[in-house]
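Take a look at the letters that make up each chain.
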Amino acid sequence: MFRSQLASTFFIFSFALSPVYGDFDQMQLVLTWPPTYCHGKSCARIPTNFSIHGLWPDNQHELLNDCNKLFTRILNHSKCNALDDRWPDLKYNKMGNIQTQNFWMYQYNKHGTCCTELYSQEAYFDLAMKLKDKFDVLQMLKNQGVIPGKTYTVNKIEEAIREVTQAYPNLNCIGDPPKTMELKEIGICFNREATEVVACHRRKTCNPLNKNEISFPQ
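On a predicted model such as this, the values are computed, not experimentally measured, just so you know.

S.K.: Mind showing me how you'd approach the overall build of the protein chain here?
M.R.: Assigned secondary structure in the protein chain consists of eight helices and six strands. Relative to its full complement of 218 residues, the protein chain shows a buried share of 46%. Of the contacts formed within the protein chain by residues at least 6 apart in sequence, a portion of 72% connects residues at least 24 apart. Split by element, the accessible area of the protein chain, about 11,700 Å² in all, is 53% carbon and sulfur.

Right, here's the structure in full:
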């Protein structure tokens, strides 16, 4: 009897601590800089603009991952073309990406299924594309004098984004900190409804040791 009650109590306690899938208050649009991503990788193409890595729902307590496996293959040809323009799988050419849809499936199953209470699969991908188009990060950087092929301080890149969004972005770099690191990704966080830019819950930035500068490669 006692063992049964203890098991029941443990189950209830565990359930209370488990993430409530869909209980999110933030969406992060994560954009990849292809020239950096493709260093040391076999890429079938290297776009010269930022491409979508993912749209990640999150809350202030924890990362929400792998909430379900619900991806439905996208059959609309025009939607596939639009997605490939903004959210390419760099390991494949356009035809290969649209045929396999592996990257879209992975990102939706890992992240998109954690916000289904507000966004259906179609709405999730539409929102990612809408935010990508609205916040042209490459143009933001260029407008502030940050162009590919040069090195900049972390602060310069962060401020160039903040000038437009009014919130600091997340930065992700690759490379050896004592040497020159390369800018790989920029993340912009939004409120739950994606109507305004907000400060990211878990601020992430690059920490080079060499003059605090990072490379923005061509």
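Here the narrative resumes, following the displayed structure.
S.K.: I keep staring at the state of the cysteines and nothing clicks. Help me out?
M.R.: By definition, a disulfide is the covalent link that joins the sulfur atoms of two cysteine residues. Per the counting criterion, the structure on display carries four disulfides. Two residues, Cys67 and Cys114, share a disulfide whose sulfurs are 2.0 Å apart. Here Cys67 and Cys114 share a disulfide; its torsion about the S-S bond, 100°, makes the bridge right-handed. Note that Cys67 is positioned in the loop between strand S2 (51-58) and helix H3 (77-86) and Cys114 in the loop between helix H5 (102-110) and helix H6 (121-134), a separation of 47 residues in sequence.

S.K.: Help me understand H3 in this model?
M.R.: Two residues of an α-helix separated by three or four positions point the same way, owing to the 3.6 residues in each turn. Among the residues of H3, those classed as buried are Lys79, Cys80, Leu83 and Asp84. Seen along its axis, H3 keeps its buried residues to an arc of 135°; they face one direction. With respect to the buried face of H3, the exposed residues turned more than 90 degrees away are His77, Ser78 and Asp85.

S.K.: What should I look at first to understand the packing of H5 against H6 in this one?
M.R.: The relative placement of two packed helices comes down to the angle between their axes together with the axis-to-axis distance. Relative to each other, H5 and H6 sit at 110°, their axes nearing to 12 Å. By the angle between their directions, the pair H5 and H6 is classed as roughly perpendicular. Seen from H5, the contacting residues are Trp104, Gln107 and Tyr108; seen from H6, they are Gln121, Tyr124 and Phe125. Split into classes, the residues belonging to the contact of H5 with H6 amount to four nonpolar, two polar and no charged.

S.K.: Explain the packing of aromatic side chains to me, please; I cannot follow it from the model alone.
M.R.: By convention here, two paired aromatic rings are described through the distance between centres and the angle between planes. Inspection of the entire model under this criterion finds twelve aromatic pairs. Considering the side-chain rings of Trp87 and Phe125, the 5.3 Å spacing of their centres and the 55° angle between planes classify their relative orientation as tilted. With a gap of 38 residues between them, Trp87 in the loop between H3 and helix H4 (94-100) and Phe125 in helix H6 connect regions that are remote in the sequence. Members of the aromatic cluster, each reached through a chain of ring pairs, are Phe71, Trp87, Tyr108, Tyr124 and Phe125.

S.K.: Could you clarify how one ought to interpret the packing of H3 against H6 in this entry?
M.R.: Where H3 contacts H6, the axes come no closer than 10 Å and their chain directions differ by 45°. Our classification of the angle between H3 and H6 gives oblique. For the crossing formed where H3 meets H6, the hand is left-handed. The residues of H6 that touch H3, namely those facing Lys79, Ala82, Leu83 and Arg86, are Glu122, Phe125, Asp126, Met129, Lys132 and Asp133.

S.K.: Can you help me understand unusual backbone geometry in this one?
M.R.: A negative phi angle is the norm for most residues apart from glycine, just as the trans form is the norm for most peptide bonds. Of note in this structure, Asp66 is not a glycine but carries a positive phi near 50°. Along the chain, the position of Asp66 falls in the loop between S2 and H3. Classification of Asp66 by relative accessible area gives partly exposed; the value is 43%. Positive phi, close to 60°, is recorded for Asn212, a residue that is not glycine.

S.K.: Is there a simple way to explain the nonpolar core in this structure?
M.R.: Note that soluble globular proteins tend to have their nonpolar side chains buried in a common cluster. Grouped together as the largest cluster of nonpolar side chains are 52 residues, with contacts concentrated most on Phe50 and Leu141. Looking at this core element by element, the count peaks at six residues for H6. Aside from chain neighbours lying at most four places away, what touches Phe50 is Leu31, Thr32, Trp33, Pro34, Lys132, Val137, Leu138, Leu141, Leu183, Ile186 and Phe216.

Thresholds, definitions, all that
- Residues numbered from 1 in each chain as written.
- Predicted model: local features only at pLDDT ≥ 70, side-chain atom pairs only at ≥ 80, totals over all residues.
- Heavy atoms only, no water.
- Helix = DSSP H or I, 4+ residues; strand = E, 2+ residues; numbered from the N terminus.
- Buried < 20%, exposed > 50% of the residue type's maximum accessible area, 1.4 Å probe, protein only.
- Contact = heavy atoms within 4.5 Å.
- Areas by Shrake-Rupley, 256 points an atom, 1.4 Å probe, with all protein chains shown as cover.
- Disulfide = S-S within 2.5 Å.
- Arc of directions from axis to C-beta.
- Axes fitted to C-alpha atoms, helices over the stretch in contact; angles between N-to-C directions.
- Parallel < 35°, antiparallel > 145°, perpendicular 65-115°, else oblique.
- Nonpolar A, V, L, I, M, F, W, Y, C, P; charged D, E, K, R; others polar.
- Phe/Tyr/Trp six-rings, centres within 6.5 Å; stacked < 30°, edge-to-face > 60°.
- Left-handed = near helix turned anticlockwise from the far one by under 90°.
- Core = buried A, V, L, I, M, F, W, Y, C linked by side-chain atoms within 4.5 Å.

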